[in-house]
Amino acid sequence: MPGPRAVPGLLPWQLPLCALLLGLLALRFFWPALAGLVLLWALGGARPRERPGGLAALLGAAFALGWGLALWALPAGPAAEDVPAWMAERRVALVSGRVAAVESTPGRQLRVFLADARYSLDDGAEGALPGMFLWNWQEPATWPHPGQEAAVRLRVRPVRGFANPGQWDTRFHWGRQGVFYRGFTRGEGGQPRLGPEAPAPGDRLRARLRAAMAVSAPESQGRALLEALILGERFGVDREAYDTVRRSTLAHSLALSGMHLGFAAALGLGLAWAAGRLWPGLLLRVARPRLGVLLGAPLVGFYVWLGGATPSLLRAGVMFAAWGALLLLGRGRVLLDGLFLALVLLVAADPLVVHDVRLQLSAVAVAGIAVLGPPLWRLVPGREAARGTGPAAWAVCAARGLAGVLVGSVAANVALLPIMVWNFTETGLALPLNALWLPVLGMAVVPAGLVGALLALLPGLAPAGHWLLGADAALLDAALAALEALAARGWLPVAVPMRPLWPHLVGYYALLTGGLVLARTRGRAALGVCLAGALLVVWPGLWALATGQGRTLGLTVLDVGQSQAVLLDLPGGGRVLVDGGGGFPGGLDPGRAVVLPALARGRWPGVDMMILSHPDHDHYGGLAAVAEAAPVGLFVHGGRWPDSQSGRELRAALEESGVPVRTVHAGEVLDLGPGLILEVLHPEDQRAPGSSNDQSLVLRLVWHGRALALLPGDVEKAGIQRLLASGRDLRAEVLVVPHHGSAGSLSPELYARVAPRLALAGTGFLNYLGFPDARVRAALAGAGAGLHDTGECGAVRVTWADPRAPARLDTALGCRGTAVMP
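Residues numbered from 1 in each chain as written. Predicted model: local features only at pLDDT ≥ 70, side-chain atom pairs only at ≥ 80, totals over all residues. Heavy atoms only, no water.

Participant: Even after reading the chapter, I still don't get the overall build of the chain, so can you show me in this structure?
Facilitator: Secondary structure summary: the chain contains 27 helices and 25 strands in total. The globule rule puts the C-alpha radius of gyration for 822 residues at 28 Å, and the 29 Å found for the chain is close to it. Structurally, the chain occupies a C-alpha span of about 100 × 70 × 55 Å along its principal axes. The 822 residues of the chain split such that 50% are buried. Taking the intrachain contacts of the chain between residues at least 6 apart in sequence as the baseline, contacts between residues at least 24 apart amount to 70%. Here the chain displays about 35,800 Å² of accessible surface, and carbon together with sulfur accounts for 63% of that area. (Helix = DSSP H or I, 4+ residues; strand = E, 2+ residues; numbered from the N terminus. Rg over C-alpha atoms; globule rule 2.2 N^0.38 Å. Buried < 20%, exposed > 50% of the residue type's maximum accessible area, 1.4 Å probe, protein only. Contact = heavy atoms within 4.5 Å. Areas by Shrake-Rupley, 256 points an atom, 1.4 Å probe, with all protein chains shown as cover.)

This is the structure:
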């Protein structure tokens, strides 16, 4: 056992386990994992009678073992560049396989995972698809079940997309789970066929429960939320309701996890308390904590099954099994030791599980509650008053109970803060709502849902179960209405802080852990860890200062799928956003998913100028999310405004924030700083006839007289002809290809007039439009310009160190490029 000066809560065997976990994380995050290993060694050296050299060897060996395990466990999938010809040609295939699992997501979509998948083409070619095939089915006509044979016609694509530095890695996320290919259909599209195989008994019971909920309450978002909380199915939750819950900081309560199993376990403890009151002699045979475990275990198991035994619920079940076993054995330090024991079991089953963000959030939240909870709880007043009798004491107990919920939420959120911001960018500020909602969830919604579901399955008791489920759905409807009322009054604010770089993240935890140790021991090792943490926090800023990054000009075409968003990083720290991307209306919002994280990476988000090139959804769809969450200095457009829901949301966000709006036309100049301008080259008059594409703003970036880039929006042949006829100087080193490389914007004359050395295009990977068109690519090559598109290369960034330096090209996926010479 470690002495009183040890790291709080860590036993000797847990130190190498931490090093092993860091080694597993090093597969994707090598440098932060290595830095964490060094800090772990420094803190471990604070233990008395510890030999630093021996500890370093032990931790190093555990780290290397973890790294080796991760490499061994990573499924061997096809290389990123190894795309079969028929997929590259975007041919439709008949994909068949056995349903291995089905997940539901908000917005009425299913993820159907097919094992042993095969494809066949119309010309007779066929073959196997390695790994698991992911079939995304929007508005499904029926609900498949595991074990069922399925077949569907669709376009098959390798798993990839939205490849932007420092953001979510889609390919790794699915690849570690053995998913390498995916496809999408909607409704009856693709002629889906499901086999006659009967569902397993458990699946039949879950189908009965879905039907019971359908007859227990009218169709509403309350019922959809109840299905999410009890069955783990978020299929019926619409995006507006989910967004309201997210802004309320309560979205975690919709994803079934250890918190929900905790409610089931608490119900077992409540039954143990009631049993002790009714039969006091029972407690002489079985202590109340052990009785609570014995009574709660079946409820926890029932909830795991009821929630579909998803990986997150199974992992949470393993944690509760570990805690229950320690309680039955009479062990102390149950929360933290049980967490480590569960991690041992989970990693033994799947070493790559440490890369699952849901496990990361659960484990760090539990660790935060275990370590930060006790000192915070000691700050809550009223301990003596709660020991009294009478109404006053009961009131104090109730108040302390609510305070305990808030303390747990604060402890968990302090521990989770950098991970949450890195993964989700936005963070809600309505944290106190957890103190009101979680008791209702744990004492009313979940118990009533569990009991109602159980009664609905029992003969003769189904009406009582239906009544309970209906009352639960009504309660959730009322709760959602209250949240919507708060949102309408602006009382659910959301902040977008700086997304941490890895030195910030490691430095944060070094300061937090070192500070806790320092408060207990005042040792030199803990002080050194705190100083190292402080240095890591400021290191990115010092590095940028030393290397002159603040004087660099950068142009980044973000990977926002089949749409376009261009970010200019100006010398001195300013930023200009030209368009914000946009997918299908009602689908993924690239403004929230890609642009905001890019703006917040390593700095506080905000743009000095936001420019809309033209009112097409694939260019403005993401701007509203940016305008709502980040400061905008000036909004610039060409005079035409998008007439859609997204356009109205953008206008409302700009008006609410008081952003000045400026309309520009050819001949005007936008001043971006000393010697840096954007010339407006087109159109002459927005009132002139023509499509919105042909009326796109055409902008030229010039730095101290050096023409760097031409940004022509989606201008097509008619607009290009007017631009060429204007006689304006169009020369630029970099050309953002008009209209994503569409053949409708093919213009060798334009390429000759611009004379670019590099051409960039915002496209989706294997997009259905076939952009960039092969003729455009060939014409640019003939003009001496290498084309790099985001579909193939991920985000593409060009930087200039100063007005005389050659440009540097970088791509997220490592596509090769050439320097642009002045």
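The discussion continues.
Participant: Explain the state of the cysteines here, please?
Facilitator: Here a disulfide denotes one covalent bond, and it connects the sulfur atoms of two cysteines. What the rule picks out here adds up to 1 disulfide. The residue that forms a disulfide with Cys-793 is Cys-815, at a sulfur-sulfur distance of 2.3 Å. In this structure the cystine formed by Cys-793 and Cys-815 twists about its S-S bond by roughly -105°; its chirality is therefore left-handed. With Cys-793 in helix H27 (residues 790–793) and Cys-815 in the segment after strand E25 (807–811), the pair connects residues that are 22 residues apart, well separated along the chain. The class of Cys-793 is buried, set by a relative accessible area of 4%. Of all cysteine sulfurs, the one in Cys-530 lies closest to Cys-18, which takes part in no disulfide; the gap is 18 Å. Residue class for Cys-18 comes out buried when judged on its relative accessible area of 18%. When its relative accessible area of 11% is taken as the criterion, Cys-530 is described as buried. (Disulfide = S-S within 2.5 Å.)

Participant: I would appreciate a short explanation of the sheet that holds strand E16 (residues 661–663) in the present structure.
Facilitator: By definition, the strands of a sheet pair up through backbone hydrogen bonds, in either a parallel or an antiparallel sense. Across the sheet, which stays open at both edges, the 8 strands sit in the order E16-E15-E14-E13-E12-E11-E24-E25 with mixed pairing between neighbours. Two strands bound the open sheet, and with one partner strand each, they are E16 and E25. Each strand of the sheet is rotated relative to its neighbour by a mean of 15°, with strand direction disregarded. Here strand E12 (residues 566–569) runs beside strand E13 (residues 575–578); their pairing, made up of 4 bridges, is antiparallel. Opposite Val-566, over in E13, you have Val-578 as the bridge partner. (Pairing = 2+ DSSP bridges. Axes fitted to C-alpha atoms, helices over the stretch in contact; angles between N-to-C directions.)

Participant: Even after reading the chapter, I still don't get the nonpolar core, so can you show me in this structure?
Facilitator: As a rule of thumb, soluble globular proteins bury nonpolar side chains together. If you look at the biggest cluster of nonpolar residues, it comprises 82 residues, and the most contacted ones within it are Leu-261, Tyr-303, Leu-306 and Leu-441. Among the elements that make up this core, the one with the highest residue count is helix H16 (residues 433–456) (9 residues). Apart from the residues lying within four places of it in its own chain, the contact partners of Leu-306 are Arg-206, Leu-209, Ile-230, Leu-231, Leu-450 and Ala-453. (Core = buried A, V, L, I, M, F, W, Y, C linked by side-chain atoms within 4.5 Å.)

Participant: When you look at the packing of helix H11 (residues 288–306) against helix H12 (residues 311–328) in this model, what are you seeing that I'm missing?
Facilitator: For any two helices packed against each other, the geometry is given by the interaxial angle and the distance between the axes. At their nearest, the axes of H11 and H12 sit 10 Å apart, and the two run at 170° to each other. Taken together, H11 and H12 sit at an angle that is classed as roughly antiparallel. In contact with Arg-290, Val-293, Leu-294, Tyr-303 and Val-304 of H11, H12 contributes Leu-313, Leu-314, Gly-324, Leu-327 and Leu-328. Tallied by class, residues from the contact of H11 with H12 come to 8 nonpolar, 1 polar and 1 charged. (Parallel < 35°, antiparallel > 145°, perpendicular 65-115°, else oblique. Nonpolar A, V, L, I, M, F, W, Y, C, P; charged D, E, K, R; others polar.)

Participant: Can you help me understand the pairing of strand E4 (residues 132–138) in this one?
Facilitator: Across a regular strand the side chains alternate sides, sitting on one face of the sheet and then on the other. The buried fraction of E4 amounts to 6 of the 7 residues, a majority that puts the element mostly inside the structure. Pairing of strand E2 (residues 109–120) with E4 involves 6 bridges; the strand directions are antiparallel. Within E4, the position partnered with Leu-110 by the bridge is Trp-137. As defined by bridge partners, E4 adjoins strand E7 (residues 179–186) across 7 bridges and the pair is classed as parallel. Note that in E7 the partner of Met-132 across the bridge is Val-179.

Participant: Help me understand the environment of Ala-163 in this model?
Facilitator: Within the secondary structure, Ala-163 is located in the loop between strand E6 (157–158) and helix H5 (170–175). Residues Ala-163 and Ala-812 lie 649 residues apart in sequence; the distance between their C-alpha atoms is 6.2 Å. Apart from residues no more than four positions distant in its own chain, Ala-163 is found in contact with Asp-559, Gly-794, Ala-795, Ala-812 and Leu-813.

Participant: Is there a simple way to explain the sheet that holds strand E22 (residues 758–761) in this structure?
Facilitator: Pairing in this open sheet of 7 strands is mixed, and the strands run E17-E18-E19-E20-E21-E22-E23 from one edge to the other. Lying at the two open borders of the sheet, with one neighbouring strand each, are strand E17 (669–673) and strand E23 (786–789). Within the sheet, the average angular offset between the axes of one strand and its neighbour, ignoring direction, is 20°. With 4 bridges joining them, E17 and strand E18 (residues 676–682) adopt antiparallel strand pairing. Bridge assignment links Leu-670 to a residue of E18, and that residue is Leu-678.

Participant: Can you help me understand the side chain of Thr-799 in this one?
Facilitator: Tracing the chain through its elements places Thr-799 in strand E24 (residues 796–800). In contact with Thr-799, not counting residues within four places along its chain, are Thr-552, Leu-553, Gly-554, Pro-806, Ala-807 and Arg-808.

Participant: Would you mind going over the confidence of the model for the chain with me for this structure?
Facilitator: Caution applies to low-pLDDT parts of the model: their predicted coordinates are not meant to be read in detail. Mean pLDDT over the chain stands at 89; residues scoring 70 or higher make up 95%. Counted against residues more than four places away or in other chains, residues 1–8, with its pLDDT under 50, gives 19 contacts. Across residues 817–822, confidence stays below pLDDT 50; counting only partners more than four residues off in sequence or on other chains, it has 20 contacts. (pLDDT = per-residue confidence, 0-100.)

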